[in-house]
Amino acid sequence: MKDDAPRSLLLVRTGATGVLSMAVCQAGLAAGTFFGGVDLLRWHGLFGLVTMGVTIVTAILAGLYVRDGGPRWVLWFSLVVVAWATVQVTLGRLEIAAPHAFSGTLFAMLATAFTSWVFRHRHDRVAGSAAAGRADTP
Ligand code: HEM
């Protein structure tokens, strides 16, 4: 099937890839703290805020895509990613380490699923077509 994707969907895909990259980067920085030396936890904290920022930008792009006729699940999914990142940063700042580490792994899985879904999703420009509006069609 031809992917007649509007620019906003391409931007959502870029944003989702950015969130996933940041999640993997965060896991690497967290692992790096076990070896001491450079203060990687400080960078992990800073990059955590950047990660949250990227999730927010991606949700805004998802909103633009929905305005361009994309299905609503893209926006809802991106908002769940924003909420998860917010909880993740909060747990980190409060030094609730074990739940934070577990939730960080789940966050990376969520980011993987989101990225996969927005790349698999094929935009259908034909108004009223079954594929365009179905919330269960990635
Ligand atoms: C597998 C993934 C992750 C692991 C294993 C992990 C691990 C940790 C650990 C051990 C701490 C220190 C907690 C303490 O001081 O008691 C921490 C802090 C923190 N983490 Fe993570 N983290 C992960 C992912 C993330 C992600 C995805 C984000 C952001 C979305 C994030 C944001 C933060 C923040 C903001 C802090 C506080 C840093 C500070 O106060 O300086 N982490 N993390």
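The rules we used
- Residues numbered from 1 in each chain as written.
- Predicted model: local features only at pLDDT ≥ 70, side-chain atom pairs only at ≥ 80, totals over all residues.
- Helix = DSSP H or I, 4+ residues; strand = E, 2+ residues; numbered from the N terminus.
- Buried ≥ 20, exposed ≤ 12 C-beta atoms within 10 Å, placed from the backbone.
- Contact = placed C-beta atoms within 7 Å.
- Core = buried A, V, L, I, M, F, W, Y, C linked by C-beta atoms within 7 Å.
- Near = placed C-beta within 6 Å.
- Nonpolar A, V, L, I, M, F, W, Y, C, P; charged D, E, K, R; others polar.

S.K.: Help me understand the overall build of the chain in this model?
M.R.: Broken down by element type, the chain carries 5 helices and 0 strands. Going from the N terminus to the C terminus, the chain shows its helices and strands as α-α-α-α-α. Per-residue burial over the chain gives 27% buried out of 138 residues. Long-range contacts, defined as pairs at least 24 residues apart, comprise 67% of the intrachain contacts of the chain with a sequence gap of at least 6.

S.K.: Looking at this model, I keep getting lost on the nonpolar core. Mind explaining?
M.R.: Here is a general trend for soluble globular proteins: nonpolar side chains tend to be buried in one another's company. Core analysis: the biggest nonpolar cluster contains 20 residues, and V12, V19 and A111 have the highest contact counts within it. Sorting the residues of this core by element identifies α1 (7–32), α2 (40–67), α3 (73–93) and α4 (97–120) as the ones contributing at least two each. The biggest single contributor to this core is α1, with 7 residues.

S.K.: What am I meant to see in the site of the ligand here?
M.R.: Contacts to the ligand come from 22 residues, most closely from A30, G45, G48, G92 and G104. The set of elements that each furnish at least two residues to the shell around the ligand consists of α1, α2, α3 and α4. Split into classes, the residues belonging to the shell around the ligand amount to 10 nonpolar, 10 polar and 2 charged.

By themselves, these figures tell us nothing about what the structure is for.
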